[in-house]
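Now for the letters of each chain:
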Amino acid sequence: MSLVPGSTIGIIGGGQLGRMLAMAAARLGYRTIVLEPQVDCPAAQVANRQIVAAYDNPAALAELAAASAVVTYEFENVPVAAAETLATKVAVYPPARALEVAQDRVIEKHFLNGIGIPTAEFCPIDNDEQLTAALKKFSGSGVLKTRRMGYDGKGQRVFRNMETGGFAGTCEAMGNVPLILESLVAFEREISVIAARGIDASIAAYDPAENVHREGILRSSTLPAAIRPDTAAAAKKAAAKILSALDYVGVVGVEFFVLADGSLLANELAPRVHNSGHWTEAACLVSQFEQHIRAVAGLPLGAPSRHCDCVMENLIGDDMLQVPALLAEPDLMLHLYGKAESRPGRKMGHFTRISRRA
Ligand code: AMP
């Protein structure tokens, strides 16, 4: 059963992803209610209503459940217990299991490897001795990351060709939280696949985007990615496998490293719409945001085909100064997030340049 127009979709999280979901929901005739502690957040500016409260506030969650026909979320750190409690009162998509998997890099890698999707080698790390031993195993190179709550390269440290030993104090400097050491992947490029699964188990995957990160933050996504057709097909197949294994409903973003021989290692999955899918709003009839709303509302998924090639770039901090010049370009779609204050490293908006096709 699909949601009738006029129904309300609850969104946990009030950032730019929630904002773009709310806009897509409005275009399909739905109302939205956002749960977010920050007043006047980007999503609340375009939603019908905001509940101003913490994501795990029981009274706020009960209010959200009572006001919504279905609840979704725009970030992966929604407390699993909150999603599970909510799910006893209202349909919650994607399922709480997807949160559980995506919130912990060790659980995520076990899950991916368990369904036959290769990742970088990894070791859970809880102290400096374990770090020293793991670095030795990885020949002195690796990426040390927090297991939980990491995003945009935050909470990461790279080791390159270092002698093993002498890492006293590293775990403390990382905050004495559970860590993971991944082998340092010599990738040729990075790609991501945005894919969706409907309530009827149908799957639609957009073509892989080629992504460039700087300081751990996504800078650009280019379509098409410079990869072989069989690599693109393998990435889509892996995304579909993840969706089915999680009995997922909604959009997922899956990031991969592409190795020199064209093979793939999955890096991480995001159980939500993803920055590397923003290009879909300019180059596809059905964007990732509409696709997610269609999925959680029980509507048929849209075709993921692309009507033009494109490059999406993020506007970060002072990049906002480029806005007047960008708007003067003919084949460019701009999207700003309504954030009053620009700070270094803060995502303020994005734009997509399309290459016209006749
Ligand atoms: P993540 O937070 O895992 O998405 O990492 C942010 C970025 O750091 C990735 O997009 C890569 O550019 C780089 N990176 C992360 N993990 C590795 C790894 N194991 N080997 C090489 N580069 C990595």
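Look a little higher up for the structure.
In short, a report on the structure.

Cut-offs applied
- Residues numbered from 1 in each chain as written.
- Predicted model: local features only at pLDDT ≥ 70, side-chain atom pairs only at ≥ 80, totals over all residues.
- Heavy atoms only, no water.
- Disulfide = S-S within 2.5 Å.
- Buried < 20%, exposed > 50% of the residue type's maximum accessible area, 1.4 Å probe, protein only.
- Helix = DSSP H or I, 4+ residues; strand = E, 2+ residues; numbered from the N terminus.
- Expected span 1.5 Å × (residues − 1).
- Axes fitted to C-alpha atoms, helices over the stretch in contact; angles between N-to-C directions.
- Parallel < 35°, antiparallel > 145°, perpendicular 65-115°, else oblique.
- Contact = heavy atoms within 4.5 Å.
- Core = buried A, V, L, I, M, F, W, Y, C linked by side-chain atoms within 4.5 Å.
- Domains from an automatic or database assignment.
- Pairing = 2+ DSSP bridges.

As used in these notes, a disulfide is a covalent bond between sulfur atoms, one from each of two cysteines. All told, the structure shown has 0 disulfides when counted by the stated rule. With no disulfide of its own, cysteine 123 lies closest to cysteine 171 among cysteine sulfurs, the gap being 12 Å. Its relative accessible area of 13% is what places cysteine 123 among the buried residues. Looking at the unpaired cysteine 284, the closest cysteine sulfur is the one in cysteine 310, lying at 7.3 Å. Here cysteine 284 falls in the buried class, since its relative accessible area comes to 4%.

The next thing to look at is helix α1 (residues 16-27). Under the 1.5 Å per step criterion, the end-to-end length of α1 is 17 Å for 12 residues, consistent within 8% with the ideal 16 Å. Buried within α1 we find Gln16, Leu17, Gly18, Arg19, Met20, Leu21, Ala22, Ala24 and Ala25. Where α1 ends, the next residue or the one after it, glycine 29, has phi of about 90 degrees, a positive value.

Look at helix α4 (residues 96-103) against helix α5 (residues 105-114): their axes get within 5 Å of each other, and the N-to-C directions meet at 110 degrees. With respect to α5, the element α4 is oriented roughly perpendicular. Side by side, α4 and α5 meet where Arg97, Glu100, Val101, Ala102 and Gln103 of the first sit next to Arg105, Ile107, Glu108 and Phe111 of the second.

Moving on: the nonpolar core. By size, the foremost hydrophobic cluster in this structure holds 48 residues, and its most contacted members are Ile12, Leu86, Phe256 and Leu269. Tallying contributions element by element places helix α8 (residues 229-245) first for this core, with 6 residues. Residues lining this core come from more than one domain, with at least three contributed by each of domain 1 (8-92) and domain 3 (189-355). The residues contacting phenylalanine 256, other than those within four sequence positions of it, are Arg189, Glu190, Ile191, Val193, Ala235, Ala238, Leu264, Leu265, Ala266 and Asn267. Grouped together as the second largest cluster of nonpolar side chains are 40 residues, Ala22, Cys284, Ala295 and Tyr337 included.

What links the strands of a sheet is backbone hydrogen bonding, and the strands pair in either a parallel or an antiparallel sense. Sheet architecture is open: 4 strands sit in the order β6-β9-β7-β8, paired in antiparallel fashion. Since the sheet does not close on itself, it has two edges, and those belong to β6 (122-125) and β8 (156-159), each with one partner. Going across the sheet, the axis of each strand differs from the next one's by a mean of 20 degrees, ignoring polarity. Where strand β7 (residues 142-146) and β8 come together, 4 bridges link them in antiparallel fashion. Bridging across to β8, valine 143 finds its partner in valine 158. Lying on the sheet, helix α6 (residues 128-137) is in contact with β6, β7, β8 and β9 (179-182); it crosses β6 at an angle near 170 degrees.

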